[in-house]
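Observations on the three-dimensional arrangement
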Amino acid sequence: MNLPSGQRPGGDAITVRNLVKNYRQPAGGTLAAVDRLQLTIRAGETYALLGPNGAGKSTTIEILEGHRRPDGGEVRVLGTNPWKAPPAFRARIGIVLQEASDAGELRVHEALGSLARCFPEPRPVAEVIAAVGLGGKEAARISTLSGGQRRRLDVALGIIGRPEVLFLDEPTTGFDPAARRQFWDLIRTLGSGGTTIVLTTHYLDEAEQLADRIGVINHGRLIAEGAPDQIGGSALRIPRVRWRDSSGFHEQITEHPAALVSEISGGGSRELPELSVIRPSLEDVYLQLIGSVEEAGPPPAEAAGPGATAAEPSREGVRS
Amino acid sequence: MTASSATKTQAARHWRPSALGLGLHRAALEIKLFNRDVLSLVLVLFFPILMLSLFGTVFGDEASIGAGPDGAGGITPAHYYLPGMLALSTILSGFQNLSTYVATERFNGTVKRLAGTPLPAASYFLGKTGQTLYLICAQTVLLLLAARFLFNVPLPSDAGAWLLVGTLMLLSTAAWATTAIAFTALPKSAQSASTLAVLPVLLLSFTSGVYFPFSQLPAWLQSITNIFPLRWTASALRSVFLPGGFEAAEPGGEYNVPVTFLVLGLWAVAGAVLARLAFKWPPQK
Ligand SMILES: Nc1ncnc2c1ncn2[C@@H]1O[C@H](COP(=O)(O)OP(=O)(O)OP(=O)(O)O)[C@@H](O)[C@H]1O
Ligand SMILES: [Mg+2]
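Here is what the cut-offs are and how they apply
- Residues numbered from 1 in each chain as written.
- Chains lettered and ligands numbered in written order.
- Predicted model: local features only at pLDDT ≥ 70, side-chain atom pairs only at ≥ 80, totals over all residues.
- Heavy atoms only, no water.
- Helix = DSSP H or I, 4+ residues; strand = E, 2+ residues; numbered from the N terminus.
- Buried < 20%, exposed > 50% of the residue type's maximum accessible area, 1.4 Å probe, protein only.
- Contact = heavy atoms within 4.5 Å.
- Areas by Shrake-Rupley, 256 points an atom, 1.4 Å probe, with all protein chains shown as cover.
- Salt bridge = Lys/Arg side-chain N within 4 Å of Asp/Glu carboxyl O.
- Polar contact = N/O pair within 3.5 Å; in protein donor to acceptor, adjacent residues only side chain to side chain.
- Nonpolar A, V, L, I, M, F, W, Y, C, P; charged D, E, K, R; others polar.
- Core = buried A, V, L, I, M, F, W, Y, C linked by side-chain atoms within 4.5 Å.
- Near = heavy atom within 4 Å.

Secondary structure summary: chain A contains 10 helices and 12 strands in total. Within chain A, the proportion of its 320 residues that are buried is 52%. Sequence-distant contacts, at least 24 apart, represent 68% of the contacts inside chain A between residues at least 6 apart. Of the roughly 13,800 Å² of accessible surface on chain A, a fraction of 49% belongs to carbon and sulfur atoms.

Shown next, in the form of structure tokens:
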């Protein structure tokens, strides 16, 4: 990993210990939006926070940004408690909120130029406009931008101050596919330049493309964490083989799919209808992780297959 | 990042933004933005002139107000209403306009955005101060020009009178402005904020001797209005602009400029204290 020399190599940019945030509910009682959350994000890392709506992602990220005050636990961002932190700290972070509708009467370059003045070493406005693909819209009133263009401006406003830690809360909502690719390139460039990036997203491919590590939270708790190709552990990633024969449809979870295919096809001599070998995608893994919390029963994918359970999938042989 | 970024980061730890410099920049930006908002511009900047023109048109340009039985010694309606319209400007700029702007920015995420940057809260308020100063100065100058050249209102010529007018206008606006910031903590939406902000202006302008003489109000209403700055600003401004003899129409038969300054000063200070307590930076949830 490419770390900026200003940060301790291998140091932690963000540490969160037993973070708690409660909201009062209208009906009375409190909702633990963040519930004893533990999180460590290394300097220079790109970390994706995933989780269903209402899981507590925005609450967590806004606590890290210093926008909300935690009710308990310890938070350190760049060694500082972000709540009511001094301007020197704010100069080192960049924020893209989940939703923004401010500055409608300003022009794009005015909003960026004005915000740039608040930072000690801002990026040039023209460079940022080009980086987010808003070229040609410099002089447009912000209120006239399309949804996706407005979102790109939010990203531009987040990076104008050359942050060491960049927080992005669902940054690509409303992006067209090409804009999304362009955004990914931007994030990769920032990441390889040493910026620590924390983003939330509901697009699993985005997390897979960008993140060094992914954390899945649900009901305010971290329920899984790891690299995109490892999160959830190997048990959730065992390939499945699906096929149909005279006795019906079969799905088998196996660590040796080639052997299984060979066996059921008589060494390749018999073609099987609808034969496929599936490796669980990040989305499959994610849904299982969320599902296994939502309902204590077996996750849906397993339930569909004959014979196999999530706890003890049959790894060898044919049982159909 | 380059090899020198270690020292840069070191320097960054001790960096502080210039609250004054950023405040001046915010002020320039706020003024530019305000001029773009044509509706507010017309509503706030020209409203007192519109009202003055209305009185001038409806009541005619005879020197009828305050005239003796022989029809002499009176002044024109425009002349009579000028101090009231100036006083009205202070609550329009200082309270209605400012509180609407700040409340809007609280609800549309502007305050949250800015509080997420190194911008000091003081700079944000310096920007608002600049915008409000711009407004009250423009309003005052436009109103005086209109009074002088459209309605032939005689204006004072000695520097002392103008010093008093300037001080009264600034202090009144300041009293309303600090109150406005504190007030923005009350509404729960931008919609209710702009509705709520009109209420004090509407109620006080009718009960503070702006539209008709203060002494015509019932005593109980007078004693309520006496608490608020507008009635005092209007009275003190009348002491400058109206000819001698008009103080007879004031409560007690005299202008009370020292009490005016006392009331305005108290409101400015109390408003500032409340604003400090009520305004959240960052806006906390
Ligand atoms: N200001 C608030 N007051 C009361 N409850 C809140 C507040 N903000 C968030 N919540 C509640 O806290 C929980 C977590 O909300 P949060 O916005 O952190 O979710 P999220 O993971 O970002 O969801 P999404 O994917 O929809 O953005 C939700 O149940 C939400 O209703
Ligand atoms: Mg969210």
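To continue, consider the interface of chain A and chain B. Interface extent is often summarised as the accessible area lost during association of the parts. Contacts between chain A and chain B engage 40 residues on the former and 34 residues on the latter. Inspection of the region where chain A meets chain B yields five salt bridges. The closest approach of N and O atoms between Asp154 of chain A and Arg113 of chain B, which form a salt bridge, is 3.1 Å. Remark: the boundary between chain A and chain B carries 11 residue pairs in polar contact (both at pLDDT 80 or more). Of all the secondary-structure elements, those providing two or more residues to the side of chain A that touches chain B are strand 1 (12-24), helix 2 (87-90), helix 3 (108-116) and helix 5 (147-159) of chain A. Here the side of chain A that touches chain B is composed, by residue class, of 16 nonpolar, seven polar and 17 charged.

As a further point, take the nonpolar core. Nonpolar side chains tend to gather and get buried jointly when the protein is soluble and globular. Counting residues in hydrophobic clusters, the biggest one holds 112 residues, and the most contacted among them are Leu112, Ile214 and Val216 of chain A together with Leu82 and Met85 of chain B. Those residues in contact with Leu112 of chain A, other than ones at most four positions away along the chain, are Val125, Val128, Ile129, Leu153, Ala156, Leu157 and Ile160 of chain A. If you look at the next biggest cluster of nonpolar residues, it comprises 27 residues, including Leu37, Ala55, Leu64 and Ile95 of chain A.

The environment of ligand 1 is made up of 16 residues, and the closest members are Gly54, Lys57, Ser58, Thr59 and His202 of chain A. Per-site note: the chains with residues close to ligand 1 are chains A and B. At 2.9 Å, a side-chain N or O of Asn53 of chain A approaches an oxygen atom of ligand 1. Here His202 of chain A contributes a side-chain N or O atom positioned 2.8 Å from an oxygen atom of ligand 1. Coverage of ligand 1 by the protein amounts to 69% of the 630 Å² it exposes when considered alone. Of all the elements in the fold, those that place two or more residues in the shell around ligand 1 are strand 2 (30-42) and helix 1 (57-65) of chain A. No other element matches helix 1 of chain A, which puts three residues into the shell around ligand 1. Partitioning the shell around ligand 1 into residue classes produces five nonpolar, seven polar and four charged.

Take the pattern of salt bridges next. Residues and elements named next belong to chain A. What the rule picks out here adds up to 26 salt bridges over all chains. Measuring nitrogen to oxygen at the nearest pair gives 3.1 Å for the salt bridge that ties Asp35 to Arg36. The class of Asp35 is buried, set by a relative accessible area of 18%. A relative accessible area of 47% means that Arg36 is categorised as partly exposed. Here Glu45 makes a salt bridge to Arg213, at a shortest N to O gap of 2.5 Å.

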